[in-house]
Amino acid sequence: MTKPLLKQSHGPEFTRILSVGAARGDLIVPNDDLVGPIDSSDEWIQQRTGIITRTRASRDINAVDLATDAAREAIERSGIAPALIDLVIVATISNIQQTPSIAAVVADSVGANPAAAYDMNAACAGYAYAVAQADALIRSGAAHYALVIGAEKLSDVVDPTDRSISFLLGDGAGAVVIGPSEFPGISSTIWGSDGSKAGAVAMNHTLTEFRLGESEWPTLRQEGQTVFRWAVWDMAKVAKQALDAAGITSDDLAAFIPHQANMRIIDEFAKQLKLPASVVIARDIATTGNTSAASIPLATHRLLEENPELSGGLALQIGFGAGLVFGAQVVVLP
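About the criteria used
Residues numbered from 1 in each chain as written. Predicted model: local features only at pLDDT ≥ 70, side-chain atom pairs only at ≥ 80, totals over all residues. Heavy atoms only, no water. Core = buried A, V, L, I, M, F, W, Y, C linked by side-chain atoms within 4.5 Å. Buried < 20%, exposed > 50% of the residue type's maximum accessible area, 1.4 Å probe, protein only. Helix = DSSP H or I, 4+ residues; strand = E, 2+ residues; numbered from the N terminus. Contact = heavy atoms within 4.5 Å. Pairing = 2+ DSSP bridges. Axes fitted to C-alpha atoms, helices over the stretch in contact; angles between N-to-C directions. UniProt positions renumbered as here; feature names shortened; annotations may be inferred. 1 Å grid on protein atoms, 1.4 Å probe; cavity = no way out; pocket = protein on both sides within 12 Å on 5 of 7 lines; lining within 4 Å. Points joined across faces, edges and corners; volume = space filled by probe spheres on them. Nonpolar A, V, L, I, M, F, W, Y, C, P; charged D, E, K, R; others polar.

**Here's the deal with the nonpolar core**
So, step 1. Among the nonpolar cores identified, the biggest contains 52 residues, and Phe256, Phe269, Leu316, Ile318 and Phe320 are the most heavily contacted of them.
So, step 2. Elements with a contribution of two residues or more to this core: helix H6 (224–246), helix H7 (263–273), helix H8 (285–288), strand E13 (314–321) and strand E14 (325–332).
So, step 3. No other element matches H6, which puts eleven residues into this core.
So, step 4. Excluding its chain neighbours within four sequence positions, the residues that come into contact with Phe269 are Ala231, Met235, Ala236, Ala239, Phe256, Pro258, Ile318 and Phe320.

Below you can see the structure in the form of structure tokens.
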């Protein structure tokens, strides 16, 4: 008896980012508002990080709200009917509930039901991870159009007295719509992790310890020098691998959009990659702060708002952070 053959799905050969949307926290927080508890100064923060102000969200605004606003803008700009979006991925570490996912709530709010929807935690590399997944799922035929969002309300996990990371963090969400393309719009992703350094950026306590009264509310901490060295040296190698995987050189780039971790890291990256002067470098961190999974799409949104001529050009984007995890790919800007 002949065994029946299963059908497997097949999708389009290529995908691309069709549009981008953004939502930043409603509060502008200057350095001077934060320096007292950490015994620091505006000058010290600017020299160490390049941050002048950061956006944070009011108490009644959560990551899901920011994600929904960014998603609506991205969908409107894409020209794709929400009902055609059958995949929603939200990269986040700041959902205030273990369940339901932010993605499922957003899918319903924007009219994409019954899209497949899930949250994923790859911290600052989350957006790059989500883009890789959306690209693969569309090309496999498992989805047709995807809404990818990086959304964070990191002010919920800040200890104002912590000098290691608290002054870096901001709130916001960036979203993109990804769909079929007649040309290659998203290159192969170089991604991975190094769990041996997981403690370099991590929560200082567990929720179980907090529940049992054994700790304060868990907040995010980092080993600054460890993260800086890893980001500058190891991640520059990953960025170069992403260029090779895309079959291009830095001379072919129109833009470089790294995770907005620290201005010093961004500047050192540019040196390591020997980027030509023609490449526009995203420096959204100066007025938005470090928004983890939201930082790359937020920086992309601002870059295109300020430099619309970059549309259609190639951008190298790389995310890296807690875990330690990393992901990089070259994309065609919408």
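**Notes on the sheet that holds E14**
Neighbouring strands of a sheet are bound in pairs by backbone hydrogen bonds; such pairs are parallel or else antiparallel.
So, step 1. With respect to topology, five strands assemble into an open sheet ordered E8-E14-E13-E11-E12, the strand pairing being mixed. Each of the sheet's edge strands pairs with one partner strand only, and the pair in question is strand E8 (190–193) and strand E12 (280–281).
So, step 2. When strand E11 (residues 255–258) meets E12, the two strands line up parallel, connected through two bridges. Following the sheet pairing, Phe256 is matched in E12 by Ile281.
So, step 3. Contacting E11, E12 and E13, helix H9 (residues 295–306) crosses the sheet at an angle of about 150° to E11.

**Examining the UniProt feature "active site" (unreviewed entry) in the protein chain**
So, step 1. In this structure's numbering, the residues bearing the UniProt feature "active site" (unreviewed entry) are Cys124, His259 and Asn290. These annotated residues cover 167 residues of sequence, and their C-alpha atoms lie no more than 9.1 Å from one another, placing them together at a single site. Lining residues of the second largest pocket drawn from the annotated set just named are Cys124, His259 and Asn290.
So, step 2. Tracing the sequence through the fold places Cys124 in the loop between strand E5 (116–120) and helix H4 (126–140).
So, step 3. Beyond its immediate stretch of four places on either side in the chain, Cys124 contacts His259, Ser292, Ala293, Gly319, Phe320 and Gly321.
So, step 4. Structurally, the position occupied by His259 is in the loop between E11 and H7.
So, step 5. For His259, a relative accessible area of 2% corresponds to the buried category.
So, step 6. In this structure, His259 is in contact with Cys124, Ile266, Asn290, Ser292, Ser295, Ile296, Ile318, Gly319 and Phe320, ignoring residues within four places of it in sequence.

**Comments concerning the layout of surface pockets**
So, step 1. When its volume is computed, the largest pocket comes out at roughly 780 Å³.
So, step 2. Every residue lining the largest pocket is counted, 28 residues in all, and those nearest its centre are Ile93, Ser94, Asn95, Gln98 and Leu207.
So, step 3. Here the element with the most residues in the lining of the largest pocket is strand E9 (residues 201–203); it accounts for three residues.
So, step 4. Counted by class, the lining of the largest pocket contains 16 nonpolar, ten polar and two charged residues.
So, step 5. Considered as a void within the structure, the second largest pocket measures approximately 400 Å³ in volume.
So, step 6. Ser164, Leu168, Gln222, Gly224 and Val227 are the residues nearest the centre of the second largest pocket, which is lined by 30 residues in total.
So, step 7. Those elements giving two or more residues to the lining of the second largest pocket turn out to be helix H1 (42–49), strand E10 (220–222), H6, H7 and E13.
So, step 8. Element by element, the count of residues in the lining of the second largest pocket is highest for H6, at four residues.
So, step 9. Taken together, the residues that form the lining of the second largest pocket break down as 17 nonpolar, ten polar and three charged.

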